[in-house]
Amino acid sequence: MKDVLVTCPPMLGQIDLFYDYAAERGLRLHPAQVTQILSEDELCEQLPNYDGWIIGDDPATRRVFETAQKGRLTAAVKWGIGVDNVDFDACKDLGIPIINTPMMFGSEVADVAIGFVIGLARELFLIDRGVRAGNWPKPAGISLINRRVGVIGLGDIGRNVATRLQALGMTVVAYDPGVEGDAGIPGLERAAWPEAVEDLDFLVFTCALNKHNFHMLDADVLSKCKAGVRVVNVARGPLIDEAALVSALQSGHVHSAALDVFEVEPLPMDSPIRGMERCILGTHNGSNTVDAVIRATHTAIDRLAGFY
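The structure reproduced in this document is the subject of the present report.

What counts and what doesn't
- All residue numbers here refer to positions counted from 1 along the written sequence of the relevant chain.
- Whole-chain, interface and lining totals are the exception, using all residues; otherwise, since this is a predicted model, local features are given only for residues with pLDDT of at least 70 and side-chain atom pairs are given and counted only at 80 or more.
- Hydrogen atoms and water are omitted, and side-chain values are computed over all heavy atoms in the structure.
- The rule is simple: put a 1 Å grid over the protein atoms alone, call a set of points where a 1.4 Å probe fits but cannot get out a cavity, call an open set with protein on both sides within 12 Å along at least five of seven lines a pocket, and count a residue as lining if it has an atom within 4 Å of a point.
- Grid points are joined across faces, edges and corners, and a volume is the space filled by probe spheres set on the points.
- We define a nonpolar core as any set of buried Ala, Val, Leu, Ile, Met, Phe, Trp, Tyr and Cys residues linked to one another through side-chain atoms lying within 4.5 Å.
- Partly exposed describes any residue whose relative accessible area lies between the buried limit of under 20% and the exposed limit of over 50%, with all areas from a 1.4 Å probe on protein chains only and scaled to the type maximum.
- Numbered from the N terminus, helices here are DSSP runs of H or I no shorter than four residues, and strands are runs of E no shorter than two.
- The contact criterion used throughout is that any non-hydrogen atoms of two residues lie within 4.5 Å.
- For this classification, Asp, Glu, Lys and Arg are treated as charged, while Ala, Val, Leu, Ile, Met, Phe, Trp, Tyr, Cys and Pro are nonpolar and the rest, including Gly, are polar.
- Think of a salt bridge as a Lys or Arg side-chain nitrogen and an Asp or Glu carboxyl oxygen that are within 4 Å of each other.

Brief notes about empty space enclosed by the protein
Alright, step 1. As enumerated under the stated definition, the model contains 1 cavity of 30 Å³ or more in all.
Alright, step 2. Approximately 30 Å³ is the volume attributed to the largest cavity.
Alright, step 3. Around the largest cavity, the lining residues are N233, G237, I240, E242, L245, L259 and V261.

Set out below in structure tokens:
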């Protein structure tokens with residue numbers, strides 16, 4: 001039986017469902033005590049005691065893998081689709097087999113993105129807060145039909161977002177240099193980032209984070225955006241320069257934002273984003289449904305067991 005450290009919060013939230021499934025495949029799961037991520041130091045202290053690791057959004061760095069390999073670690077799986085936190089080159093150099101679980105959450109994360117778009121358009125968050133405070137606000141929102149929305153990233157999540165937005169009567173402009181044509185979505189418009197941002201009513205970020213798109217939404221791009229643009233991010237926090245976004249929110253150039261992800265997670269208590277009234281704030285939880293977690297966890301366990 002191989003001992004496996006689990007540091008992925010959604011999986012940990014339903015961990016009791018997976019002990020038997022893992023045991024049948026020769027794995028003994030050990031849940032970490034973690035809110036969002038373990039630090040490098042915490043990982044270096046704990047991982048050498050385990051044969052395998054199911055990774056969340058922790059800093060899976062070369063240092064971590066080198067330290068863990070000096071102990072018992074021989075294989076790992078990145079739970080979920082995002083891999084920007086994992087040093088795959090280090091694993092290759094060290095001979096540690098590793099893989100992720102792609103194509104797991106397109107529908108689930110897209111549902112959250114659509115909820116954010118509707119929430120920002122109709123200011124549902126402000127209405128909710130007002131009623132709870134004893135008021136009866138009636139802000140005039142905007143209609144979605146015929147609005148233009150940029151979807152940044154045409155992977156599984158982006159394609160699901162685009163089709164849902166079209167169903168709402170919106171015109172979708174997609175940005176993704178790695179995908180050609182309409183990606184099988186009739187009526188999809190294409191552009192190269194940041195072309196045509198001045199015409200967009202919404203920006204929805206759904207792409208993976210890499211060295212080329214860090215802070216792709218910065219002060220310069222924001223200055224080119226249409227006044228009153230609404231911003232949604234269900235991908236990775238560092239795609240957006242948070243300081244620039246806060247400044248644009250304060251000036252009113254950006255009408256509002258819905259952020260499920262941040263540059264630092266959990267969001268620091270002193271983050272100015274907490275004071276932005278026109279923001280919906282999430283907890284990097286877009287993929288977290290009972291169904292999706294079971295699906296991804298079974299895949300992660302199967303793939304890790306396959307390494308032994």
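Topic: the nonpolar core
Alright, step 1. Ranked by internal contacts, the top residues of the largest apolar core, which has 74 residues, are M11, L29, W53, I54 and F65.
Alright, step 2. For this core, the element with the highest residue contribution is helix α6 (residues 106–122), accounting for 8 residues.
Alright, step 3. In this structure, L29 is in contact with V4, V6, M11, I15, F18, Y19, A22, I54 and I301, ignoring residues within four places of it in sequence.
Alright, step 4. If you look at the next biggest cluster of nonpolar residues, it comprises 33 residues, including A191, V221, V254 and I273.

Considering helix α10 (residues 242–251)
Alright, step 1. Along α10, the positions that sit buried rather than exposed are E242, A244, L245, V246, A248 and L249.
Alright, step 2. Following α10 by one or two positions, G252 has its phi on the positive side, about 90 degrees.

Looking at the layout of surface pockets
Alright, step 1. Its boundaries defined by the atoms lining it, the second largest pocket holds a volume of some 230 Å³.
Alright, step 2. Taken together, 15 residues line the second largest pocket, and the ones lying closest to its centre are D57, R236, F262, E263 and E265.
Alright, step 3. Grouping the constituent residues of the lining of the second largest pocket by class yields 6 nonpolar, 4 polar and 5 charged.

A closer look at the pattern of salt bridges
Between side chains of opposite charge, a pair can form when the charged atoms approach closely.
Alright, step 1. All told, the structure shown has 18 salt bridges when counted by the stated rule.
Alright, step 2. Between D84 and R236 there is a salt bridge whose closest N-O contact spans 2.7 Å. Of the two residues, D84 sits in the loop between β4 (75–78) and α5 (88–94) while R236 sits in the loop between β10 (229–233) and α10, which places them 152 residues apart along the sequence.
Alright, step 3. Classification of R236 by relative accessible area gives buried; the value is 13%.
Alright, step 4. The salt bridge partner of K226 is D201, with a shortest N-O separation of 2.8 Å. Note that K226 is positioned in the loop between α9 (219–224) and β10 and D201 in the loop between β8 (189–190) and β9 (202–205), a separation of 25 residues in sequence.
Alright, step 5. On the basis of relative accessible area, K226 is assigned to the partly exposed category, the value being 32%.
Alright, step 6. We classify D201 as buried; its relative accessible area is 8%.

Fair warning: the whole summary comes from geometry, so function is off the table for now.
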